[in-house]
Amino acid sequence: MSELTLTVMRLGFLAVLWLFVIVAVQVIRSDLFGTRVTQRGSRRQEARPQQQQARQAAAPPQQRGQQNTGGGGRQRRGAPTKLVVSEGTLTGTTVALQGQTITLGRAHDSTIVLDDDYASSRHARIYPDRDGQWIVEDLGSTNGTYLDRTRLTTATPIPLGAPIRIGKTVIELRK
Amino acid sequence: MSVVTNTTTIGAIEAPSRRNTELALLAFAVVIPVFAYLNVGLAIDGKVPAGMAGYGLGLALLAGVAHLVVRKWAPYSDPLLLPLATLLNGMGLVLIWRLDQSPRLIAKSINDFGSFSPDAPKQMMYSAIGIAMFVGVLLLLKDHRVLQRYTYISMVTALVLLLLPLVPGLGSPVFGAKIWINIAGFSIQPGEFAKIVLAVFFSGYLMVKRDALALASRRFMGLYLPRGRDLGPILTIWAVSLLILIFENDLGTSLLFFGMFVIMLYVATERTSWIVMGLGMSVAGAVGVASFASHVQARVDAWADPFACAKSVNACDQMTQVLMSFGSGGILGTGLGQGNSDLIGFAANSDFIFATVGEELGLTGVMVFLLFYGLIVERGIRTALAARDPFGKLLAMGLSGAFALQIFVVAGGVMGLIPLTGMTMPFLAYGGSSVIANWALVGILIRISDTARRPAPAPAPSPDAEMTQVVRP
């Protein structure tokens, strides 16, 4: 056997041994116990060109509302950017409005899981229509969903800052 | 105003069984030793070794059987333990076979014993028995908590195993250390099995007693001192380990035995004082014994200055050979089959097999082998963390702690960090008891990790099921 072949084999063998360690460590990495965190909503890359746009515009906060709708079509000025829980056990929780449907209820898979005896499993949902207007719809809940003081019967557009009451929880949309 | 705030959803991942990952790693773990085999053959004879296909198929068959058993009976177990153990076992076989090819060792064997028989086929048989043991553990031990019932039986068994080599007629002193017994022509090292049985006893005992050991203590100079009567067990274990050291002349087993107890005591009670006390007691004991036991003294001399010792005492030359071996390996080694580690002569393929790794694969190879062992220990400790029952936690911790200690004692001894002991590198070194016992150990770890990683039973009924209260106007 030539010297060169043996040298190559020697180094190759060491490399293969280390490769095994690296593969094993990769397996450990993907095998960590616990929870998986998934990011939703618009990406930073998408946001960047829009930010430049926002800098040119006169009123940046309102422009931000526009970016957030993503594929949801054009949105009017003064559109809400976040949903805030103002009363109830979840007081202070905010959810960014990014064109996604928000479900409310006691079911674990709701966007906002309500810890409220008077809420149903799937109580209500909030979603943007094609114009970017946010709509609240009761999903056949036991105790009903109230916008201001009126019980909802159909899907209703939400005015900015109007309280939506679900059981003991009150939420509103803010800029 | 910053960039868009994102909503994050945090959810539990579904429990993956990772059996396919294990299979892929296992295939890799079989290919590496076959590559090594080819490398040795090409380096020594310049041609592809004849037994390569048989060797590769044999290893693949053993690994395949083990994998199928794990897939069927421990589907959620850790994906790394089996491939790592297989790789180390396979590499051990290659290194033993490589030393079998050495003309020096053959000549020496014929000179000393009148005949030469290669060790690699025997090691292959032991590996097969080891895998059978592994399969047996997985088949018979459906739930590791069963072992808890045998806490005190394990204690007796372990003591009997440890003291067996002292029984006249049964134990045979081999080169100073009395750690072997002879039964029906086979020589067995009971200490290797005692390691596992002891871990069972310690976990069962500490699970019951840990509160008393942890809480009933006085604080003194920043250390928690346990009550006098709680010192009983640690003193007993210390005394037994010293007895082993004195009568069996075996530093390794004694250190392993006491060290494992201290580790488990610390894990069970979270009191640093046990570690401090344990270290103090083992140092005091070792120094005390070394001052009058001649066998231990010789080992300490060989450790303190091997080259000076080699000039005067004949027995020290092994240690100098080993150090030379590591030194000539350098960073990248001489290449498989191209070193002179066979000059070590006696026990080159058992106690000193790590010197062959050091010479032929160099520092790079030594580090990677230590990492393989480290990964096994890491997976063991990970299993202990994930285990849901305290007994399983302690058992996994005890087994991986003992494994780690054994690596430390052997590798440290061979490299001249601590005095040499008569223990073997798990899976790598030639020796039936060691291979079989370590496969059983990996089997128990796989069983515990299967229980630990199995999806948890459904939690308390979800609030979805409860009725929504109706607002009465």
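The shown structure was predicted, so the numbers you read here are calculated from the model rather than taken from an experiment.

Participant: Just give me the short version of the overall build of chain A, but keep the residues and values in it.
Facilitator: Per the secondary structure count, chain A includes 3 helices and 12 strands. Scored against the burial criterion, the 175 residues of chain A give a buried share of 29%. In chain A, the share of contacts with a sequence separation of at least 24, taken over all contacts with a separation of at least 6, comes to 41%.

Participant: So what about the overall build of chain B? Which residues, and what values?
Facilitator: Broken down by element type, chain B carries 17 helices and 6 strands. When burial is assessed residue by residue, chain B has 49% of its 473 residues classed as buried. Pairs at least 24 residues apart make up 72% of the contacts formed inside chain B by residues separated by at least 6 positions.

Participant: Please provide a residue-by-residue account of the sheet that holds strand S8 (residues 145–147) of chain A, values included.
Facilitator: Sheets are built from strands paired through backbone hydrogen bonds, the pairs being either parallel or antiparallel. Residues and elements named next belong to chain A. Strand order in this open sheet of 6 strands is S3-S2-S12-S11-S8-S9, and the pairing throughout is antiparallel. Taken across any chain shown, the strands that pair with only one partner, and hence form the sheet edges, are strand S3 (94–96) and strand S9 (150–151). Examined bridge by bridge, S8 and strand S11 (residues 164–166) share 3 bridges and lie antiparallel to one another. Along S11, the bridge assignment pairs Thr-145 with Ile-166.

Participant: Pulling in residues and values, what's your account of the pairing of strand S4 (residues 102–105) of chain A?
Facilitator: Residues and elements named next belong to chain A. Bridge count between S4 and strand S6 (residues 124–128): 3 bridges; the pairing is antiparallel. Bridge pairing links Thr-103 to Arg-125 in S6. Taken together, the 2 bridges between S4 and strand S5 (residues 112–113) define a ladder with parallel strand orientation. The partner of Leu-104 across the bridge, within S5, is Ile-112.

Participant: Any details on unusual backbone geometry? Residues and values, ideally.
Facilitator: Unlike most non-glycine residues, A:Asp148 shows phi in positive territory, near 55°. In this fold, A:Asp148 is placed in the loop between S8 and S9. Of note in this structure, B:Phe427 is not a glycine but carries a positive phi near 70°. Considering the arrangement of structural elements, one finds B:Phe427 in the loop between helix H16 (390–415) and helix H17 (432–453). Overall, the presence of 25 C-beta atoms within 10 Å leaves B:Phe427 in the buried class.

Participant: Can you explain the packing of helix H2 (residues 52–73) of chain B against helix H5 (residues 120–140) of chain B? Please cite residues and give values.
Facilitator: Residue and element names in this part refer to chain B. Look at H2 against H5: their axes get within 10 Å of each other, and the N-to-C directions meet at 5°. On the basis of the axis angle, H2 is roughly parallel to H5. Seen from H2, the contacting residues are Gly-58, Leu-62, Val-65, Ala-66, Val-69, Val-70 and Trp-73; seen from H5, they are Met-124, Ser-127, Ala-128, Ile-131, Phe-134, Val-135, Leu-138 and Leu-139. Counted by class, the contact of H2 with H5 contains 13 nonpolar, 2 polar and no charged residues.

Participant: Please give an account of H16(B) that cites residues and values.
Facilitator: All names here are of chain B. Between its terminal C-alpha atoms H16 stretches 36 Å, which fits the 38 Å expected from 26 residues at 1.5 Å a residue. Within H16, 21 of the 26 residues are buried, which leaves the element mostly enclosed by the surrounding structure. Two residues or fewer after H16 comes Gly-416, characterised by a positive phi angle close to 85°.

Participant: Quick rundown of the sheet that holds strand S7 (residues 134–138) of chain A? Include the residues and the values.
Facilitator: With respect to topology, 5 strands assemble into an open sheet ordered S5-S4-S6-S7-S10 (chain A), the strand pairing being mixed. Pairing within the sheet leaves two strands with one partner each, and these edge strands are S5 and strand S10 (156–157) of chain A.

Participant: Account for the nonpolar core, with residues named and values stated.
Facilitator: In terms of nonpolar packing, the biggest core is built from 138 residues, with B:Ile196, B:Met260, B:Met264 and B:Leu399 touching the most fellow members. Among the elements that make up this core, the one with the highest residue count is H16(B) (14 residues). Ignoring sequence-local partners within four residues, the contact set of B:Ile196 consists of B:Leu399, B:Ala437, B:Ala440, B:Leu441 and B:Ile444. Membership of the second largest hydrophobic core comes to 17 residues, among which are A:Val85, A:Ile112, A:Ala119 and A:Ile166.

Participant: Residues and numbers for the confidence of the model for chain B, please.
Facilitator: Residue and element names in this part refer to chain B. The predicted model of chain B averages 84 in pLDDT, with 89% of residues at 70 or higher. Contacts for the low-pLDDT stretch residues 1–5, under 50 throughout, to residues beyond four places or in other chains number 13 contacts. With a pTM of 0.75, the predicted complex shows an ipTM of 0.86.

Participant: An account of helix H14 (residues 353–360) of chain B is requested, with residue identities and associated values reported.
Facilitator: Residue and element names in this part refer to chain B. Across the 8 residues that make up H14, a large majority, 8, are buried. Close packing links the buried residues of H14 with helix H3 (81–100), helix H13 (317–329), helix H15 (362–386) and H16. At the exit of H14 stands Gly-362, carrying a positive phi of roughly 75°.

Participant: I'd like to hear about the pairing of S7(A), residue by residue, with values.
Facilitator: All names here are of chain A. Only one face of S7 is covered, namely the one carrying Trp-134, Val-136 and Asp-138; the face carrying Ile-135 and Glu-137 has none of its residues buried. Across 5 bridges, the pairing between S6 and S7 is antiparallel. Across the sheet, residue Pro-128 finds its bridge partner in S7, namely Trp-134. The hairpin formed by S6 and S7 contains 5 residues between the paired strands, and Gly-132 there has a positive phi angle of roughly 90°. Alignment of S7 against S10, held across 2 bridges, turns out to be antiparallel. From the neighbouring strand, Val-136 faces S10, where its bridge partner is Thr-156.

Participant: Break down the environment of B:Ala50 for me, with residues and values.
Facilitator: Mapped onto the fold, B:Ala50 is located in the loop between helix H1 (19–44) and H2. Residues B:Ala50 and B:Gly92, 42 residues apart in the sequence, show an inter-C-alpha distance of 19 Å.

Participant: Which residues make up the UniProt feature "domain: FHA" (unreviewed entry) in chain A, and what are the values?
Facilitator: Under the present numbering, the feature "domain: FHA" (unreviewed entry) in UniProt falls on residues 102–152 of chain A. Split by type, residues 102–152 of chain A is 0% helix and 41% strand. Its first and last C-alpha atoms lie 17 Å apart.

Participant: An account of the packing of H1(B) against H3(B) is needed here, citing residue identities and associated values.
Facilitator: Each packed pair of helices is defined by two parameters, the angle between the axes and the distance between the axes. All names here are of chain B. Orientation of H1 relative to H3, taken along the N-to-C sense of each, is 10°, at an axis distance of 8 Å. By the angle class used here, H1 and H3 are roughly parallel. Residue-level inspection shows Glu-22, Leu-25, Leu-26, Ala-29, Val-30, Ile-32, Pro-33, Ala-36, Tyr-37 and Val-40 of H1 in contact with H3, the latter providing Leu-82, Pro-83, Thr-86, Leu-87, Gly-90, Met-91, Leu-93, Val-94 and Arg-98. The class makeup of the residues in the contact of H1 with H3 is 15 nonpolar, 2 polar and 2 charged.

Participant: Please give an account of the environment of A:Ala124 that cites residues and values.
Facilitator: Residues and elements named next belong to chain A. Within the secondary structure, Ala-124 is located in strand S6. Remark: the alpha-carbon pair of Ala-124 and Leu-104, spanning 20 residues in sequence, is separated by 5.3 Å. Excluding its chain neighbours within four sequence positions, the residues that come into contact with Ala-124 are Leu-104, Val-136, Glu-137, Asp-138, Leu-139, Ser-141, Thr-145 and Ile-166.

Participant: How would you explain the confidence of the model for chain A if you had to name every residue and give the values?
Facilitator: Residue and element names in this part refer to chain A. With 73% of its residues at a pLDDT of 70 or more, chain A shows a mean pLDDT of 76. Within chain A, helix H1 (residues 3–30) carries the highest mean pLDDT (91), whereas helix H3 (residues 60–68) carries the lowest (41). Across residues 42–75, where pLDDT falls below 50, the model places 48 contacts with residues more than four positions away in sequence or in other chains.

What counts and how
Residues numbered from 1 in each chain as written. Chains lettered and ligands numbered in written order. Predicted model: local features only at pLDDT ≥ 70, side-chain atom pairs only at ≥ 80, totals over all residues. Helix = DSSP H or I, 4+ residues; strand = E, 2+ residues; numbered from the N terminus. Buried ≥ 20, exposed ≤ 12 C-beta atoms within 10 Å, placed from the backbone. Contact = placed C-beta atoms within 7 Å. Pairing = 2+ DSSP bridges. Axes fitted to C-alpha atoms, helices over the stretch in contact; angles between N-to-C directions. Parallel < 35°, antiparallel > 145°, perpendicular 65-115°, else oblique. Nonpolar A, V, L, I, M, F, W, Y, C, P; charged D, E, K, R; others polar. Expected span 1.5 Å × (residues − 1). Core = buried A, V, L, I, M, F, W, Y, C linked by C-beta atoms within 7 Å. pLDDT = per-residue confidence, 0-100. UniProt positions renumbered as here; feature names shortened; annotations may be inferred.

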